[in-house]
Amino acid sequence: MEKQSQTAVTNETTPTIDPQKLESFLGKVVNDFGAAFSAPLSYIGDKLGLYKAMAFAGPLTPEELAHKTDTDARYVREWLINQAASGYVEYSPHNKKYSLPDEHAIALTVEDSPYYVVGGFQVINAMNKADERIMQGFRTGEGMLWGEHHHSLFQGTERFFKPSYLGNLLQTWLPAVEGAVEKLKNGAKVADVGAGHGISTTIMAKAFPNSRFYGFDNHQPSIERANHNVQQDGLGERVSFEVASAQKFPGTGYDLITYFDCLHDMGDPVGSLQQAYQALAPNGDLMVIEPMAGRTTEENFNPVGRVYSGASVLCCTPNAIASGPYALGTVATDDALAEVAMKAGFSSFTRVAETPFNRVFHGRK
Ligand SMILES: C[S@@+](CC[C@H](N)C(=O)[O-])C[C@H]1O[C@@H](n2cnc3c(N)ncnc32)[C@H](O)[C@@H]1O
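None of these values were measured; they are calculated from a predicted model.

Comments concerning the overall build of the protein
Here's step 1: Regarding its fold elements, the protein presents 14 helices and nine strands.
Here's step 2: Compactness check: the protein gives a C-alpha radius of gyration of 23 Å against a globular reference of 21 Å for 365 residues, within 12% of the reference.
Here's step 3: Principal axes of the C-alpha set define a box for the protein whose edges measure 70 × 60 × 35 Å.
Here's step 4: Counting only residues that meet the buried cut, the protein has 47% of its 365 residues in that class.
Here's step 5: Partitioning the intrachain contacts of the protein with sequence separation of at least 6 by distance along the chain shows that 67% fall at a separation of at least 24.
Here's step 6: Carbon and sulfur atoms provide 55% of the accessible area of the protein, an area that totals close to 18,800 Å².
Here's step 7: With 30 positive and 41 negative side-chain charges, the protein shows a separation of 3 Å between the mean positions of the two kinds.

Here it is as structure tokens:
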């Protein structure tokens, strides 16, 4: 049942308006209007190959870009104006041509680069499609499951997270979990919980040929995609993916259990970590990757906190609300996460590494 709004507008005091503050706020809002309009345009540029056609290609007219990408020049002309106003492409009034700086081309087109960010636009656009459902959630308190989002979210998440995993997982995250690399080299049994499309699982499996990997997720289409990826990579004998909830994934005696950007999505994170606790071998390690967040609420009032708290409202918190009693939120503090791990039985849960976008935690039995 929808809750009726109880808020009444009162005019008991006359506000004192600072015109400069108002002006400057409007300037900020116009900037945000532009960013909001540019998000679908950047997604279009990615999907239609406009960025790829401009990458390392020198200056192009709208007509040349349209020809190269088999698109309509009238649309492309307007798109380029938006992109130049956004600072994504540069324009030369002398020859009326647009160019994509090489540095921007790396971030927008080079898929294996750790700087590749364009998948983020796909995630943002997919999440924005849920606005009506989320508004309903504000009124009713209902949640929305991960699997109920537009299908583009799942591919977008794979594309958005993969560069960071490629750039950090083997280089700094696993080495920060004391003893984990040694175990993986010697041959370990690993569970990747909430594995999604299995990007993290596959990166670890390729690096550690003596180890065996089991990926679990309760979203069937993601598991199908993960199994497809793994067959393509020829890793099928050492890596398998199975539909399973984080509270009931099968197997015991794991040397390492990992959670990549998913513990905060779970409605029963304590139940899931209890399952991990009992499924770990006596000396097994827990590794949890979570989005970067402040140790206090106000430490999230920055660009990264703005992104993650946005995702929290549109996707992560609604999934947790829909699936259990506990909603950590995407910007859960270290203390809130540690409390969950302690409730599940772990004796310690410590931040051992970080990037501007991620925190890495090591849990011990
Ligand atoms: C943001 S995605 C991250 C996916 C993947 N770990 C990665 O880093 O690419 C969160 C994942 O957690 C999964 N998930 C959420 N709650 C779950 C639960 N209770 N049991 C199993 N998987 C869950 C979702 O289906 C989704 O694939």
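Some remarks on the sheet that holds strand β6 (residues 254-260)
Here's step 1: Reading across from one edge, β5-β4-β3-β6-β7-β9-β8 is the order of the seven strands in this open sheet, with mixed pairing throughout. The open sheet terminates on both sides in strands that have one partner only, identified here as β5 (239-243) and β8 (348-354). Going from strand to strand, the sheet's axes swing by 20° on average, the running direction of each strand aside.
Here's step 2: Across four bridges, strand β3 (residues 189-193) lies against β6 in parallel orientation. Within β6, the residue paired with D192 across the bridge is T258.

Here's the deal with the pairing of β5
Here's step 1: Bridge analysis of strand β4 (residues 212-217) against β5 gives five bridges, and the strand direction is parallel. Across the sheet, residue F213 finds its bridge partner in β5, namely V239.
Here's step 2: A crossover connection joins β4 to the parallel β5 through helix α11 (residues 220-232); in handedness this β-α-β unit is right-handed.

Comments concerning the pattern of salt bridges
Here's step 1: Applying the stated rule across the entire model yields 16 salt bridges.
Here's step 2: One salt bridge in this structure joins K28 and D32, with 3.5 Å as the shortest N-O distance. One end of the pair, K28, and the other, D32, are both in helix α1 (residues 19-47), four residues apart, so they sit about a helical turn from each other.
Here's step 3: Judged by relative accessible area, K28 falls into the partly exposed class, the value being 41%.
Here's step 4: Take D32: its relative accessible area is 24%, and that puts it in the partly exposed class.
Here's step 5: Of the charged contacts in the structure, one is a salt bridge between E148 and R133, with a shortest N-O distance of 3.1 Å. Taken together, the positions of E148 in the loop between α7 (131-140) and α8 (152-176) and R133 in helix α7 put the pair 15 residues apart, joining distant regions of the chain.
Here's step 6: Ionic contacts of the salt-bridge type, sharing partners, join the residues R295, D334, R351, E354 and R359 into one network.

Side note on the domain arrangement of the protein
Here's step 1: Each assigned domain of the protein is listed here: domain 1 (19-110) and domain 2 (127-364).
Here's step 2: On the domain 2 side, the residues contacting the five residues of domain 1 number four residues.
Here's step 3: Regarding the contact of domain 1 and domain 2, the summed buried area is about 300 Å², with carbon and sulfur atoms giving 10% of it.
Here's step 4: If you sort the residues of domain 1 by the area they bury against domain 2, D32, D46 and K47 come out on top, with a joint share of 72%.
Here's step 5: In this structure, the connection of domain 1 to domain 2 is made through two salt bridges.
Here's step 6: Among the salt bridges present, the one from R159 reaches D46, with a minimum N-O distance of 2.9 Å.
Here's step 7: Across the contact surface, domain 1 and domain 2 share three residue pairs in polar contact (both at pLDDT 80 or more).
Here's step 8: A per-class count over the side of domain 1 that touches domain 2 returns one nonpolar, no polar and four charged.

Some words on the packing of aromatic side chains
Each aromatic ring pair is summarised here by two numbers: the centre-to-centre distance and the angle between the ring planes.
Here's step 1: Here the structure, examined in full by the defined rule, presents 13 aromatic pairs.
Here's step 2: Each member of the aromatic cluster is reached from another via a ring pair, and the members are F160, F161, Y165, W173 and F260.
Here's step 3: Over the ring of Y214 we find R212; its NZ or CZ atom is 4.3 Å from the centre of that ring.
Here's step 4: Of note, K365 hangs over the ring of Y277, and the distance from its end group to the ring centre comes to 4.8 Å.

Quick word on the packing of helix α12 (residues 269-279) against helix α14 (residues 334-343)
In a packed pair of helices, the relevant descriptors are the angle between the two axes and the axis-to-axis distance.
Here's step 1: The geometry of α12 relative to α14 is characterised by a closest axis approach of 8 Å and an angle of 50° between their N-to-C directions. Relative to α14, the element α12 is oriented oblique. Every pair of crossing elements has a handedness; the one defined by α12 and α14 is right-handed. Residues P269, V270, L273 and Q274 of α12 lie in contact with α14, whose contacting residues are V340, A341 and K343.
Here's step 2: Taken together, the residues of the contact of α12 with α14 sort by class into five nonpolar, one polar and one charged.

Some thoughts on the side chain of T61
Here's step 1: Locating T61 in the fold gives a position in the loop between α2 (50-54) and α3 (62-69).
Here's step 2: If we ignore the near neighbours within four places in the chain, the residues touching T61 are K96 and K97.

Thoughts on the site of the ligand
Here's step 1: Residues in close proximity to the ligand total 19 residues, the closest being Y165, G194, D217, A246 and F260.
Here's step 2: Measuring from an oxygen atom of the ligand, one finds a side-chain N or O atom of D217 at 2.6 Å.
Here's step 3: Alone, the ligand offers 590 Å² of accessible surface; in the complex the protein occludes 96% of this.
Here's step 4: A breakdown of the residues in the shell around the ligand according to their chemical character gives nine nonpolar, seven polar and three charged.

Rules used in this analysis
- Residues numbered from 1 in each chain as written.
- Predicted model: local features only at pLDDT ≥ 70, side-chain atom pairs only at ≥ 80, totals over all residues.
- Heavy atoms only, no water.
- Helix = DSSP H or I, 4+ residues; strand = E, 2+ residues; numbered from the N terminus.
- Rg over C-alpha atoms; globule rule 2.2 N^0.38 Å.
- Buried < 20%, exposed > 50% of the residue type's maximum accessible area, 1.4 Å probe, protein only.
- Contact = heavy atoms within 4.5 Å.
- Areas by Shrake-Rupley, 256 points an atom, 1.4 Å probe, with all protein chains shown as cover.
- Lys, Arg positive; Asp, Glu negative; His and termini not counted.
- Charge placed at Lys NZ, Arg CZ, Asp CG, Glu CD.
- Pairing = 2+ DSSP bridges.
- Axes fitted to C-alpha atoms, helices over the stretch in contact; angles between N-to-C directions.
- Right-handed = clockwise from strand over helix to strand, strands pointing away.
- Salt bridge = Lys/Arg side-chain N within 4 Å of Asp/Glu carboxyl O.
- Domains from an automatic or database assignment.
- Buried area = accessible area lost by both parts, 1.4 Å probe.
- Polar contact = N/O pair within 3.5 Å; in protein donor to acceptor, adjacent residues only side chain to side chain.
- Nonpolar A, V, L, I, M, F, W, Y, C, P; charged D, E, K, R; others polar.
- Phe/Tyr/Trp six-rings, centres within 6.5 Å; stacked < 30°, edge-to-face > 60°.
- Lys NZ or Arg CZ within 6 Å of the ring centre and 35° of its normal.
- Parallel < 35°, antiparallel > 145°, perpendicular 65-115°, else oblique.
- Left-handed = near helix turned anticlockwise from the far one by under 90°.
- Near = heavy atom within 4 Å.

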